[in-house]
Amino acid sequence: MTTAALDQAFVLSSYGRNSTSFVEGKGAKLYDEKGKEYIDFASGIGVSSVGHGNPILTEAICTQAKALIHTSNLQVIAPQAELAERIVTLSGYDMRCFFGNSGAEANEAAIKIVRKYGETHFEKKRYKVITLEHSFHGRTITTVKATGQDSFHSPNFSPYPDGFSYVDQIDAVYDKIDDETVAVMIELVQGEGGVQPFDKSEIQQLAKTLKARGILLIVDEVQTGVYRTGAFLASQLYGITPDVITLAKGLAGGVPIGVAMTSLKDIFEPGDHGSTFGGNFLSTRAGLAVLEVLEKEEESGALQERIVLFDKHLKSLKERYPAYFDTQVGLGLMLGLRASSSEIQQKVLTAAFEAGVIVLKAGRNTVRFLPPLTITEEEINEGFKRFEKAMAAL
Ligand SMILES: *Cc1c(COP(=O)(O)O)cnc(C)c1O
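What counts, and where the lines are drawn
- Residues numbered from 1 in each chain as written.
- Predicted model: local features only at pLDDT ≥ 70, side-chain atom pairs only at ≥ 80, totals over all residues.
- Heavy atoms only, no water.
- Helix = DSSP H or I, 4+ residues; strand = E, 2+ residues; numbered from the N terminus.
- Rg over C-alpha atoms; globule rule 2.2 N^0.38 Å.
- Buried < 20%, exposed > 50% of the residue type's maximum accessible area, 1.4 Å probe, protein only.
- Contact = heavy atoms within 4.5 Å.
- Areas by Shrake-Rupley, 256 points an atom, 1.4 Å probe, with all protein chains shown as cover.
- Lys, Arg positive; Asp, Glu negative; His and termini not counted.
- Charge placed at Lys NZ, Arg CZ, Asp CG, Glu CD.
- Near = heavy atom within 4 Å.
- Polar contact = N/O pair within 3.5 Å; in protein donor to acceptor, adjacent residues only side chain to side chain.
- Nonpolar A, V, L, I, M, F, W, Y, C, P; charged D, E, K, R; others polar.
- Pairing = 2+ DSSP bridges.
- Axes fitted to C-alpha atoms, helices over the stretch in contact; angles between N-to-C directions.
- Salt bridge = Lys/Arg side-chain N within 4 Å of Asp/Glu carboxyl O.
- Domains from an automatic or database assignment.
- Buried area = accessible area lost by both parts, 1.4 Å probe.
- Core = buried A, V, L, I, M, F, W, Y, C linked by side-chain atoms within 4.5 Å.
- Patch = residues over 30% accessible without salt bridge, like charges linked within 9 Å, V, L, I, M, F, W, Y side chains within 5 Å.

**Some points on the overall build of the chain**
Thinking step 1. Assigned secondary structure in the chain consists of 13 helices and 17 strands.
Thinking step 2. Its C-alpha radius of gyration of 21 Å places the chain within 12% of the 21 Å reference for a compact globule of 394 residues.
Thinking step 3. The C-alpha extent of the chain, read off along each of the three principal axes, is 65 × 50 × 50 Å.
Thinking step 4. Within the chain, the fraction of its 394 residues that count as buried is 54%.
Thinking step 5. The long-range share in the chain, meaning contacts at least 24 apart out of those at least 6 apart in sequence, stands at 71%.
Thinking step 6. As displayed, the chain has an accessible area near 18000 Å², and 53% of this comes from carbon and sulfur atoms.
Thinking step 7. Separation between the mean location of the 40 positive side-chain charges and that of the 49 negative ones in the chain comes to 2 Å.

What follows is the structure, encoded as structure tokens:
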């Protein structure tokens, strides 16, 4: 049986998949079963932050795997403690971390943190969380309810938990707050929703107002975090101090991990929350290796050079194909071109894949770029050469 046939027979059809199967990767290059080469402008979905086959990451994983992969969270785990220290230090915030295995789990932890705060800090319980339309916070029953997109709230999976409501823009948050509101949860750049960054002054105003009114701010940095926008956290670029921040996608370069970090350092007591796999030796060792690589890329200015080069290519594409692309959106290496329709979006994606460059969908009509943060100049230029070829063939 071919891989595609096995997949069809034995894996549930929850994804709209094409039948390509990759077998190997090096840097920002991927190779499929037939040996065809692709430039990876997607990193999975913003996960392979240090590219494929990165020697520092793979060496760290292999060495750790030989020593110890897993113990329970009932003992202290050295790389977990070290990774928590690195994350908190790089953030500059006074926080502590909880480790899970995915973005949704990180957000579940964040929601439990604010709910416990709402239960224990007020005479009348506060539990409601306000989120934004076009947001994306995960696929568990609770985080999908936190996701402000009706298309995700299929009655097939109802009933959903109470306590979530949505607003269509930041300044509509203020009217939505009532005496049961405990937190507001936002992405600073909406990823799945269309690579849409919020305005810095609007976010600073929000953070200030929430603080004054005693409402917590959760920033979902599952996609924006770990240098994706150019800084370690997008929250740092926006100049705000959230109460809870979540991380996942790029943090361990492809090994499953999720983090909820909070300045409510004593919110949990033993038994309040947990995870069997969360923060084990393998994933946190991988996280340490990824941070070791990316910290240097940022400090040396190499990351910034890639951001500038990527931006230049996207500007030029937008100028040369005005019938296809309306606007350029995004921040750092989290970028998008708004296509003039969802049909154009789909055509561009298919043609690019055919031409050997992988890009992603976001929202209704955005072509999204999430390259490895270590992508080389040669790989960027080659990827755009192939993208041009795809555009010319449309
Ligand atoms: C991907 C994503 C999630 C969900 O992460 P999973 O690891 O798929 O659970 C949550 N929030 C944001 C902003 C994301 O981009």
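**What about the site of the ligand?**
Thinking step 1. In the vicinity of the ligand, the contacting residues are Ser 102, Gly 103, Ala 104, Asn 107, Phe 136, His 137, Gly 138, Glu 187, Asp 220, Val 222, Gln 223 and Lys 249.
Thinking step 2. Phe 136 places a main-chain nitrogen or oxygen 3.2 Å from a nitrogen atom of the ligand.
Thinking step 3. Contact distances for the ligand include 2.7 Å between an oxygen atom and a side-chain N or O atom of Gln 223.
Thinking step 4. Compared with its free state, where it exposes 380 Å², the ligand has 82% of that area covered by protein.
Thinking step 5. No other element matches the three residues that helix 5 (residues 103-120) contributes to the shell around the ligand.
Thinking step 6. Its residues assigned to classes, the shell around the ligand comprises three nonpolar, six polar and three charged.

**Re the sheet that holds strand 7 (residues 181-186)**
Thinking step 1. Spatially, the seven strands line up as an open sheet ordered 4-12-11-10-7-5-6, and their pairing is mixed. Every interior strand has two partners, whereas the edge strands, strand 4 (96-100) and strand 6 (164-167), have only one. Within the sheet, the average angular offset between the axes of one strand and its neighbour, ignoring direction, is 20 degrees.
Thinking step 2. One ladder, built from four bridges, connects strand 5 (residues 128-132) with strand 6; its direction is parallel. What sits directly across from Thr 131, in strand 6, is Tyr 166.

**A look at the pattern of salt bridges**
Thinking step 1. All chains considered together, the criterion is met by 22 salt bridges.
Thinking step 2. Put simply, Glu 269 and Lys 116 hold a salt bridge, and the shortest N to O gap is 3.5 Å. A residue pair is termed long-range when its members are at least 10 positions apart, and Glu 269 in the loop between strand 12 (258-262) and helix 10 (281-299) and Lys 116 in helix 5 qualify at 153 residues.
Thinking step 3. Across the pair Arg 306 and Glu 297 runs a salt bridge, and its minimum N-O distance is 2.7 Å.
Thinking step 4. Residue Arg 306 is classed as buried on the basis of its relative accessible area, which comes to 13%.
Thinking step 5. The buried category is assigned to Glu 297, whose relative accessible area is 18%.
Thinking step 6. Residues joined by salt bridges that share partners form a network here, namely Lys 124, Lys 128, Asp 178, Asp 179 and Glu 180.

**Topic: the pairing of strand 11 (residues 244-247)**
Thinking step 1. Neither face of strand 11 is open: one carries Val 244 and Thr 246, the other Ile 245 and Leu 247, and all of them are buried.
Thinking step 2. Here three bridges tie strand 10 (residues 216-220) to strand 11, and the two strands are oriented parallel to one another. Looking across to strand 11, one finds that Val 219 is bridged to Ile 245.
Thinking step 3. Where strand 11 and strand 12 come together, four bridges link them in antiparallel fashion. Among the inter-strand pairings, Val 244 is bridged to a residue of strand 12, identified as Thr 262.

**A word on the domain arrangement of the chain**
Thinking step 1. Looking at the chain, the domain boundaries give domain 1 (3-54 + 301-393) and domain 2 (68-298).
Thinking step 2. Across the contact, 30 residues belong to domain 1 and 27 residues belong to domain 2.
Thinking step 3. Note on domain 1 versus domain 2: buried area summed over both sides is about 2200 Å², and carbon and sulfur give 61% of it.
Thinking step 4. Across the domain 1-domain 2 interface, the total number found is two salt bridges.
Thinking step 5. Along the contact surface separating domain 1 from domain 2 lie 14 residue pairs in polar contact (both at pLDDT 80 or more).
Thinking step 6. Only helix 2 (43-46), helix 11 (302-320), strand 13 (325-331), strand 14 (334-339) and strand 17 (366-369) provide two or more residues apiece to the side of domain 1 that touches domain 2.
Thinking step 7. Residues that form the side of domain 1 that touches domain 2 fall into these classes: 15 nonpolar, twelve polar and three charged.

**A short note on the sheet that holds strand 1 (residues 22-26)**
Two modes of strand pairing occur in sheets, parallel and antiparallel, and in both the strands are linked by backbone hydrogen bonds.
Thinking step 1. Sheet architecture is open: four strands sit in the order 1-2-3-15, paired in mixed fashion. Pairing within the sheet leaves two strands with one partner each, and these edge strands are strand 1 and strand 15 (357-358).
Thinking step 2. Relative to strand 15, strand 3 (residues 37-40) runs parallel, the two sharing two bridges. Residue pairing for strand 15: Ile 39 is matched across the bridge by Val 357.

**What to know about the nonpolar core**
The tendency in soluble globular proteins is for nonpolar side chains to be buried as a group.
Thinking step 1. Grouped together as the largest cluster of nonpolar side chains are 61 residues, with contacts concentrated most on Ile 87, Phe 369 and Phe 387.
Thinking step 2. Looking at this core element by element, the count peaks at seven residues for helix 10.
Thinking step 3. Beyond its immediate sequence surroundings of up to four residues, Phe 387 is in contact with Leu 317, Phe 325, Val 348, Ala 352, Val 357, Val 359, Val 367 and Phe 369.
Thinking step 4. Membership of the second largest hydrophobic core comes to 32 residues, among which are Tyr 38, Val 167, Phe 198 and Ile 358.

**With respect to a negative patch on the surface**
Thinking step 1. A cluster of like negative charges, contributed by Glu 133, Asp 150, Asp 168, Asp 171 and Asp 175, occupies part of the molecular surface.
Thinking step 2. Mapped onto the secondary structure, Asp 175 falls in helix 7 (residues 173-176).
Thinking step 3. With a relative accessible area of 75%, Asp 175 lands in the exposed category.

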